[in-house]
Amino acid sequence: MYRASRGTQDILPQEQDYWRYVQRTAEELCRRFGYQRIDTPVFESADLFVRGVGDATDIVIKEMYTFEDRGGEQLTLRPEGTAPVCRAYLERGMASLPQPVRLHYFCPIFRYERPQAGRYRQHHQFGIEAIGDAGPAIDAEVIQLGWLLVATLGLKGASLKVNTIGDPSCRPTYLQELRSYYQARLASLCPDCQARYHRNPLRLLDCKQQTCQPHILEAPRSADHLCPDCQRHWTSLQQYLEELDLPFQVEPRLVRGLDYYARTVFEVQPQEEGSQSTLVGGGRYDGLIQALGGRPTPGIGFGAGLERLVLNLRSQQVPVPAVIPRPVVVAHQGKEADPRGAQVATQLRQHGISVLVAPSSRSLRAQMRYASSMNARFVVILGEAELARGVLTVRDMDQAHQQELTLEQATSLLSLAAGPATGQ
RNA sequence: GUGAGCGUAGCCCAGCGGUCAAGGCGCCAGGCUGUGGCCCUGGAGAUCGAGGGUUCGAAUCCCUCCGCUCACCCCA
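The rules we used
- Residues numbered from 1 in each chain as written.
- Chains lettered and ligands numbered in written order.
- Predicted model: local features only at pLDDT ≥ 70, side-chain atom pairs only at ≥ 80, totals over all residues.
- Heavy atoms only, no water.
- Core = buried A, V, L, I, M, F, W, Y, C linked by side-chain atoms within 4.5 Å.
- Buried < 20%, exposed > 50% of the residue type's maximum accessible area, 1.4 Å probe, protein only.
- Helix = DSSP H or I, 4+ residues; strand = E, 2+ residues; numbered from the N terminus.
- Contact = heavy atoms within 4.5 Å.
- Phe/Tyr/Trp six-rings, centres within 6.5 Å; stacked < 30°, edge-to-face > 60°.

### What about the nonpolar core?
What tends to happen in soluble globular proteins is that the nonpolar side chains get buried as a cluster. Grouped together as the largest cluster of nonpolar side chains are 48 residues, with contacts concentrated most on Tyr35, Phe126, Leu149, Leu160, Val280, Phe302 and Leu309. Secondary structure elements with two or more residues in this core: α1 (16-33), β6 (122-131), α5 (136-153), β7 (159-164), α9 (228-243), β9 (262-269), β11 (299-305) and α11 (306-315). If one sorts the elements of this core by residue count, α5 sits on top with 9 residues. Those residues in contact with Val280, other than ones at most four positions away along the chain, are Gly146, Leu149, Val150, Phe266, Glu267, Val268, Phe302, Gly303 and Ala304. If you look at the next biggest cluster of nonpolar residues, it comprises 46 residues, including Val85, Cys190, Cys193 and Cys212.

### Structural notes on unusual backbone geometry
Cis geometry marks the peptide bond from Gln99 to Pro100, where omega comes out at 0°. Mapped onto the elements of the fold, Pro100 is located in the loop between α4 (82-91) and β5 (101-110). The backbone of Asn375 shows a phi angle near 60°, a positive value even though the residue is not glycine. Among the secondary structure elements, Asn375 is positioned in the loop between α13 (364-373) and β14 (378-382). Classification of Asn375 by relative accessible area gives partly exposed; the value is 43%. With a phi angle near 55°, Ala400 is a residue other than glycine that sits in the positive phi range. Position of Ala400 relative to the elements: it lies in the loop between β15 (392-396) and β16 (401-405).

### As for the packing of aromatic side chains
This structure, assessed with the given rule, holds 8 aromatic pairs. With a centroid separation of 6.2 Å and 75° between ring planes, the pair formed by Phe43 and Phe67 is classed as edge-to-face. One end of the pair, Phe43, is in strand β2 (residues 43-45); the other, Phe67, is in strand β3 (residues 65-68), and 24 residues separate them in sequence. According to the relative accessible area criterion, Phe43 is partly exposed, its value standing at 41%. Phe67 sits in the partly exposed class, given a relative accessible area of 32%. Consider the rings of Phe106 and Phe126, whose centres lie 5.1 Å apart with planes at 35°: the pair is tilted. Taken together, the residues Phe106 in strand β5 and Phe126 in strand β6 connect sequence positions 20 residues apart. Each member of the pair, Phe106 together with Phe126, is buried. Grouped by ring-pair contacts, the aromatic residues Phe106, Phe126, Phe266 and Phe302 constitute a single cluster.

Below is the structure:
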């Protein structure tokens, strides 16, 4: 038997309510903030991600789904959302639009990782990008939208972590500082951290090992080693966040894994202290567009994991609107009534009513059971007696009451009770 | 890539060396032949993840592989 590939999953009908809820909530926020939708291809030139995300990142080193197509091109299934949007910004001349350009997207993301709770090889992200504005006010706007997403969904206990990691003019100095601090302590670090020291010193700061925690507490902080420009940006951003009443916490240990981040980084973390503790993650990427061959252009954005949002909605039992309507079921009996049932269904559907025709060649009893299990509010019964008299029996399943009506009468009754306007 | 746990019908699961692998949910049918939700009865559905081994005999013990889950790395 075939199975879904490791790390992929089917989103079944009974789970769609959550997904729909998250998407609608996110779309509505984007509408209010003026972030327009963009869709980019699921695959792109592999080089876009190598250059954009950084050839030293885990994503590029070991997580990309890259393949050669029949024309010999190296293509990669999108492992993150920002680089493709920036590519589109450059390719489609969005630099000549009024700046900043505000965009949002929903898309599948592919990374070759070992799956675990809240982590998949194919997952889905909602994300936004604000490209072409270097000021801290837009940082605050993006962070606010990320926070409002989680808050509006109704998730409790989430926290907003913000940090700055400097820019190319001050980060090298800071990294040197960090390295020399850790150099003396190398021997007492966990094996992972010893590797990080060489490979990616910033990562030393968010090690989860108990033994490394004391070192982290006293480590030099990037926020204390900013150049004047970064310092101004950082101070100003915090003022904006306060004025927007965002409950943010400065988290000196917060770093992000993609090379393109500069200055502002932030995350929204869920109440559950699990390992997958990022619901929303993002930051500023002022060097990215230039790295992709464009004029120097600032940008900031975030990605939100839809699976993780849904997971948390479920575990917190947040009520979400049901999208499956209560249908009308057409029950029918007899050779002549069978085809007539489909005609009645067609007529009702033309009036926007959700209609299921009961499986034929079942007893009326079985068809009524079927209607019950489909959660039908009304059943239209069409048998020989109805056919002979040119009427329909319409049964209200909740009231356990039925009446004979003409097709016209039934249509108007059911339109009122089960039509698209009521939704239920 | 590393470590741990687990694999019995669509789902939840009992059985833990010995007759045709039990139960619940769900599904289908019937309960006087035109009427649901409860209840009752019946039915379909499992090569007990796969392969090999031990044994007179294995779902039950051993080995290998595969898969799933969780954690690390890292990330949404």
